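Topology and contacts: notes
Take a look at the letters that make up each chain.
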Amino acid sequence: MEETVEDPPTSAVLLDHCHFSQVIFNSVEKFYVPGGDVTCYYTLTQQFIPRRKDWIGIFRVGWKTTREYYTFMWVSLPVDLNSDSAKQQEVQFKAYYLPKDDEYYQFCYVDQDGVVRGASIPFQFRPENEEDILVVTTQEELEILKSTAQKLEQEAKAQKDGWETELLQLKEQNQKMSSENEKMGVRVEQLQAQLSTREKEMEKLVQGDQDKTEQLERLNKENSQLLLTLTQQKERQKKLEQTVEEMLKQEETTTLKKQQALKDENAGLSRKLSENKIIYDALQKEKERLERENDLLKRENSRLLSYMGLDFDSLPYQVPTSDQGGAGQNPALVYGNPYSGIQESSAPSLLAVKKCPTCKSDFAGDILDFTSEQQHPQPLCLSCPICDKTFPAKEKQIFEDHVFCHSL
């Protein structure tokens, strides 16, 4: 089979009107390695007859109609539908046409009317490793994860409060240093004012009297010392400002990194919690759907048995389960009517041509009414009028049950 440019027949049929049990997919892997061809194995049930325009598509999980296929392949019609080999079929999807992401997909068999006749379990296209584990989260585990997330959020909040406290302390230290710088600035201004006063006094002394040269030199020395002290105070103030700025930047960077790490961890836990919640909801819906299907099959079987006048506990054989039969004419049965082949009117017409094994007269009415001792003597053996199987005369009850089974 080769994929062609011709679009396959699709429809807008909803999932509730599909018959997923008529084609069964076998050996579906959990993961398919990208870059390789994928072989899809499937089995045709006895109730389904394939047609020329049937196809198998790869659908992303969550699809609503058959128009949402990603890629597809035409199926090949078996030569002999009655042979066992014809029931086991396969198609191969080329690697070029397969999805390239790691979303979940599934195989779906769609007939030429656009109705889905079978669907596989979900799978992915990505390399399989040892850490690939299917996680089924129960409600209890979900509550534990929620509790853990809440604890982590509380711890993150506590750490954030501690960091805010440290930041406030640093700001207070910065304010104290700023106030000290302001005081030092005032001191510098005072020194400058004193320097100006001394300069004015020195000018007065130079202009007033040459004899005060020694005093002038002393004033010059004091002036030099004042200038040196002023320069040292300015350098110290600059170093303090740089130290405070570096400390604030370092503390701010550390705080941001810790906050980001906690946010990332919290986001990872929230994402995991959301994924587990989605898986749990999907499993819960699947469980409810299976329970509804089981109840529907039980009611349908009870109705059919009541219609035939039979009791479930008295049947000599086990009633076929949902995975043994296909969907019949009733669309309400997901797995079909297990008694759809029974024709109640066929038994009387078949028995009408049989004759009594003793007197060779035709049977009329009830087939079990031939043992009347008034018209027929007691035979040594009993012969089935349908299949000519003989039974000893003492096994009369077994013989009657055998003949009655032909009517079913």
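As the structure is a prediction and not an experimental result, all values here were calculated from the model. One numbering rule holds for all chains: residues counted from 1, following each sequence as written. Only residues with pLDDT of at least 70 are given local features in this predicted model, and only at 80 or more are side-chain atom pairs given and counted; all residues enter the totals for whole chains, interfaces and linings. Just so you know, side-chain values use all the structure's heavy atoms and leave hydrogens and water out.

1. With respect to the overall build of the chain
Secondary structure assignment for the chain yields 5 helices and 11 strands. Across the 408 residues in the chain, those meeting the buried criterion constitute 28%. In the chain, once contacts between residues fewer than 6 apart in sequence are set aside, the share between residues at least 24 apart is 63%. By the criteria applied, helices consist of DSSP H or I runs no shorter than four residues and strands consist of E runs no shorter than two, each listed in order from the N terminus. When accessible area is computed with a 1.4 Å probe and restricted to protein chains, residues below 20% of their type maximum are described as buried, those above 50% as exposed, and intermediate ones as partly exposed. Any two residues whose heavy atoms approach within 4.5 Å are treated as being in contact.

2. Description of the sheet that holds strand S3 (residues 38–44)
The antiparallel open sheet is built from 3 strands, whose spatial order is S1-S3-S6. Each edge of the sheet is formed by a strand with only one pairing partner; in this case those strands are strand S1 (23–26) and strand S6 (88–93). The average undirected angle you get between the axes of adjacent strands in this sheet is 30°. Strand pairing requires that DSSP identify at least two bridges connecting the strands. Sheet topology note: the S1/S3 ladder contains 4 bridges and is antiparallel. Note on geometry: axes are lines fitted to C-alpha atoms, helical ones only across the stretch in contact, with angles between N-to-C directions running from 0 to 180 degrees.

3. What to know about the UniProt feature "domain: UBZ1-type" (unreviewed entry) in the chain
Cross-referencing UniProt, the feature "domain: UBZ1-type" (unreviewed entry) maps to residues 381–406 in the present numbering. The distance separating the terminal C-alpha atoms of residues 381–406 is 19 Å; by composition the span is 42% helix and 23% strand. UniProt positions are given in the numbering used here, feature names are shortened, and annotations may be inferred rather than shown by experiment.

4. Let's talk about the sheet that holds strand S4 (residues 55–60)
Taking strand neighbours across the sheet as the criterion, the 4 strands line up as S5-S4-S7-S8 in an open arrangement whose pairing is antiparallel. One side of each edge strand has no neighbouring strand; the edge strands of this open sheet are strand S5 (69–74) and strand S8 (116–119). Here the average twist between neighbouring strands, direction ignored, is 25°. Pairing of S4 with strand S7 (residues 105–110), which is carried by 6 bridges, proceeds in the antiparallel orientation. Bridged to Ile-58 within S7 is Phe-107.

5. Examining helix H5 (residues 396–407)
Expected helix span is given by 1.5 Å per residue-to-residue step, counting one fewer step than there are residues. Over its 12 residues, H5 runs 17 Å from end to end, which matches the ideal 16 Å to within 8%, given 1.5 Å per residue. Three or more residues of H5 are buried, namely Phe-399, Glu-400 and Val-403. The arc that holds the buried residues of H5, viewed along the axis, is 100°, so those residues lie on one side. Buried residues in H5 make contact with strand S10 (381–383) and strand S11 (390–392). In this description, the arc belongs to the directions extending from the helix axis to the C-beta atoms.

6. Looking at the pairing of S4
Of all 6 residues in S4, 5 are buried; the element is thus mostly enclosed. Relative to S5, S4 runs antiparallel, the two sharing 5 bridges. Of the residues in S5, the one forming a bridge with Phe-59 is Tyr-69.

7. Considerations on the nonpolar core
Definition of nonpolar core: a set of buried residues of the types Ala, Val, Leu, Ile, Met, Phe, Trp, Tyr and Cys, connected through side-chain atoms within 4.5 Å. Counting 21 residues, the largest nonpolar core has Phe-25, Tyr-42, Ile-56, Phe-93, Phe-107, Tyr-109 and Phe-125 as the members making the most contacts within it. Of all the elements in the fold, those that place two or more residues in this core are S1, S3, S4, S6 and S7. Leaving out residues up to four positions away in the same chain, Phe-125 has contacts with Tyr-32, Pro-34, Val-38, Ile-58, Leu-98, Pro-99, Asp-101, Asp-102, Glu-103 and Tyr-105.

8. Description of the packing of aromatic side chains
For this analysis, a ring pair means two rings from Phe, Tyr or Trp (six-membered ring only for Trp) whose centres lie within 6.5 Å, classed as stacked if their planes differ by under 30 degrees, edge-to-face if by over 60, and tilted for the remaining angles. Tallied over the entire structure, the rule returns 20 aromatic pairs. On the numbers, 6.2 Å between centres and 50° between planes, the contact of Phe-25 with Tyr-42 is tilted. You can see Phe-25 sitting in strand S1 and its partner Tyr-42 sitting in strand S3, a full 17 residues away along the chain. Here Phe-25 falls in the buried class, since its relative accessible area comes to 10%. With 6.0 Å between their ring centres and 35° between their planes, Tyr-32 and Phe-125 make a pair best called tilted. Linking Tyr-32 in strand S2 (residues 31–32) with Phe-125 in strand S9 (residues 124–125), this pair joins segments that are 93 residues apart in sequence. One aromatic cluster in this structure is built from Phe-25, Tyr-32, Tyr-42, Phe-48, Tyr-70, Phe-93, Tyr-105, Phe-107, Tyr-109, Phe-123 and Phe-125.

9. Notes on the pattern of salt bridges
The rule for a salt bridge is simple: a side-chain nitrogen of Lys or Arg has to be within 4 Å of a carboxyl oxygen of Asp or Glu. On inspection of all chains with the given rule, the structure shows 12 salt bridges. The salt bridge partner of Lys-94 is Asp-37, with a shortest N-O separation of 3.9 Å. Placement of Lys-94 in the loop between S6 and S7 and of Asp-37 in the loop between S2 and S3 is noted, with a sequence separation of 57 residues between them. Measuring nitrogen to oxygen at the nearest pair gives 2.7 Å for the salt bridge that ties Asp-113 to Arg-51. Taken as a pair, Asp-113 in the loop between S7 and S8 and Arg-51 in the loop between S3 and S4 lie far apart in primary sequence, 62 residues in all.

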